[in-house]
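# Topology and contacts: notes
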Amino acid sequence: MKRLRKAMAILVDTKSPIGNRLDDALEMVPGMGVGIATAVLQVTHPDKFGVWNGKSEKAMTLLGIWPE
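What this report covers is the structure whose coordinates are included nearby. Just so you know, these numbers come straight off a predicted model, no measurement behind them.

## Structural notes on the nonpolar core
Counting 11 residues, the largest nonpolar core is built from Ala 7, Met 8, Leu 11, Leu 22, Ala 25, Met 28, Val 29, Met 32, Ala 37, Leu 41 and Phe 49. Broken down by secondary-structure element, the contributors of at least two residues to this core are helix H1 (2-12), helix H2 (18-28) and helix H3 (34-44). Look past the residues within four positions of Ala 37 in its chain and what remains in contact with it is Leu 11, Leu 22, Leu 26 and Met 32.

## Brief notes about the packing of H1 against H3
At a minimum axis distance of 10 Å, the contact between H1 and H3 shows a crossing angle of 60 degrees. As judged from the angle between their axes, H1 and H3 are oblique. Considering the relative orientation of H1 and H3, their crossing is right-handed. Two secondary-structure elements touch here, H1 through Met 8, Leu 11 and Val 12 and H3 through Ala 37, Val 40, Leu 41 and Thr 44. Broken down by class, the residue content of the contact of H1 with H3 amounts to 6 nonpolar, 1 polar and no charged.

Here is what the cut-offs are and how they apply
Numbers given to residues run from 1 along each chain, matching the order in which its sequence is written. Totals for whole chains, interfaces and linings use every residue, but because this is a predicted model, local features are given only for residues with pLDDT of at least 70 and side-chain atom pairs only at 80 or more, for both listing and counting. In computing side-chain properties, one takes all heavy atoms of the structure into account and sets aside hydrogens as well as water. Nine residue types can take part in a nonpolar core, namely buried Ala, Val, Leu, Ile, Met, Phe, Trp, Tyr and Cys, and a core is a set of them joined through side-chain atoms within 4.5 Å. Whether a residue is buried, partly exposed or exposed follows from its accessible area with a 1.4 Å probe, protein chains only, as a fraction of its type maximum: under 20%, in between, or over 50%, in that order. Runs of E in the DSSP output that reach at least two residues are strands. Runs of H or I that reach at least four are helices, and both are numbered from the N terminus. Whether two residues touch is decided by their heavy atoms; if any such pair falls within 4.5 Å, the residues are in contact. Axes here refer to lines fitted to C-alpha atoms; in helices the fit is confined to the stretch in contact. Angles between the N-to-C directions go from 0 to 180 degrees. Roughly parallel covers angles under 35 degrees, roughly antiparallel covers those over 145, roughly perpendicular covers 65 to 115, and oblique covers all other angles. Here a crossing is taken to be left-handed if its near helix is turned anticlockwise relative to the far helix by less than a right angle, and right-handed if that turn runs clockwise. Only Asp, Glu, Lys and Arg are considered charged, only Ala, Val, Leu, Ile, Met, Phe, Trp, Tyr, Cys and Pro nonpolar, and every remaining residue, Gly among them, polar.

Rendered as structure tokens:
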């Protein structure tokens, strides 16, 4: 539980770049994927983040708007 709390604190701390935070949080919590992590980000910062999952990635790739 301590690792999960620490990972969530890292994930929602907007002082660091999102890529670093996402990678660090996912490494700390086995089984947590980008779908769950980005759902947490959307709840904590709805004006900045959306949910990233297989369907959203595929759709944005097909539309040519998938970010780097």
